[in-house]
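# Structural characterization, general
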Amino acid sequence: MGAEEKVSLKILEELGAKPSISEEHGLALIRDTDLKIFSPGISTAGFAEIRMANGNPDRHIVATTIDQQGLEFANQVIGEVGLQDRIKTKLEDLRDGGYPDDSFDFIYARLVLHYLSTQDLDLVLGKLAKSLKYEGRMFVVVRSEKNMDRTDPNVTYDSATKLTTYPTYRPDGSINAKHTRYFHTPESITSHFGNAGLKVNDLQEYEEQLYGDFMRKEISQTKDHVIEFIATK
């Protein structure tokens, strides 16, 4: 383990954040030859992106988010470990952004694509497919349809967008907040990637204990079903 990796691990420990199963899977798949990486939905404090940069001194990462506060915090940490020249961050909506053809060797899309409606997902995947180099790979994790309790009267589903709005509850049973996701099946996510000309490989489903906040301090009370795979061009 290099000095920079030790520093980033120390920062993560101080934040109280914890690594995750799917994050470890994705980082382990990055090859030494993957020098240009796109990471939509930057991780807690930019920790995953810091580890990507530490893995190869010639590697450069573009990391985006729509969360201004999260972006500012990630920039602070990335600056503290001296990687701001190799990790470029920006506030960007995937639906509006875009990159030149054949820009990236690897795209790390963990827990981000399920925020998009069926229409927006096709739009974004078309852009991502173009930005991926020939034989480039995309690591993807989305939440599964198995998470949903369709018997809950407070859960609503929009068949036009395929977005589900669902509540989280306080201990007293009152609604704490409402969230909206496109919960996938292996068939639905595979179909979207096929529409973009991408092939899904090594798909697996499993349960992961995710976090309810950017800092990964508020661990979920239940395990989430996720779908993970690699897509190739």
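Description of the structure in this document. (Residues numbered from 1 in each chain as written. Predicted model: local features only at pLDDT ≥ 70, side-chain atom pairs only at ≥ 80, totals over all residues. Heavy atoms only, no water.)

### Comments concerning the packing of aromatic side chains
The line we're drawing: Each Phe, Tyr or Trp ring (for Trp, its six-membered ring) is paired with any other whose centre lies within 6.5 Å, and the angle between the two planes then decides the class: stacked below 30 degrees, edge-to-face above 60, tilted in between. Relative accessibility under 20% of the residue-type maximum defines a buried residue, over 50% an exposed one, and the middle range a partly exposed one, all with a 1.4 Å probe and only protein chains included. Elements are defined by DSSP. Helices are runs of H or I of four residues or more, strands are runs of E of two residues or more, and each kind is numbered from the N terminus.
Counted according to the given criterion, the structure contains six aromatic pairs. Both rings, one in Y99 and one in F104, keep their centres 5.4 Å apart while their planes meet at 70°; by these two values the pair is edge-to-face. We note that Y99, like F104, is buried. Between the aromatic rings of F193 and F229, the centroid separation amounts to 5.0 Å while the plane-to-plane angle is 90°, which identifies the pairing as edge-to-face. Residue F193 is found in helix α6 (residues 186-195), and its partner F229 is found in strand β10 (residues 224-232); the two are separated by 36 residues along the sequence. Of the residues examined, F193 reaches a relative accessible area of 0% and is grouped as buried. Members of the aromatic cluster, connected to one another through ring pairs, are F38, Y99 and F104.

### Digging into the packing of helix α5 (residues 118-131) against α6
The cut-off we apply is this: Comment: axis = line fitted to C-alpha atoms, over the contacting stretch for helices; angle = value between 0 and 180 degrees taken between N-to-C directions. Should an angle fall under 35 degrees it is called roughly parallel, over 145 degrees roughly antiparallel, and 65 to 115 degrees roughly perpendicular, with every other angle called oblique. For a crossing to be left-handed, the near helix must be turned anticlockwise from the far one by less than a right angle; the clockwise case is right-handed. Every residue pair with non-hydrogen atoms within 4.5 Å of one another is taken to be in contact.
Two numbers describe how α5 lies on α6: the axes approach to 9 Å, and their chain directions differ by 45°. What the angle tells us is that α5 and α6 run oblique. Two packed elements cross with a definite hand, and for α5 against α6 that hand is right-handed. Contact residues: T118, L121, D122 and L125 in α5; I189, H192, F193 and N195 in α6.

These values are about where atoms sit, not about what they do.
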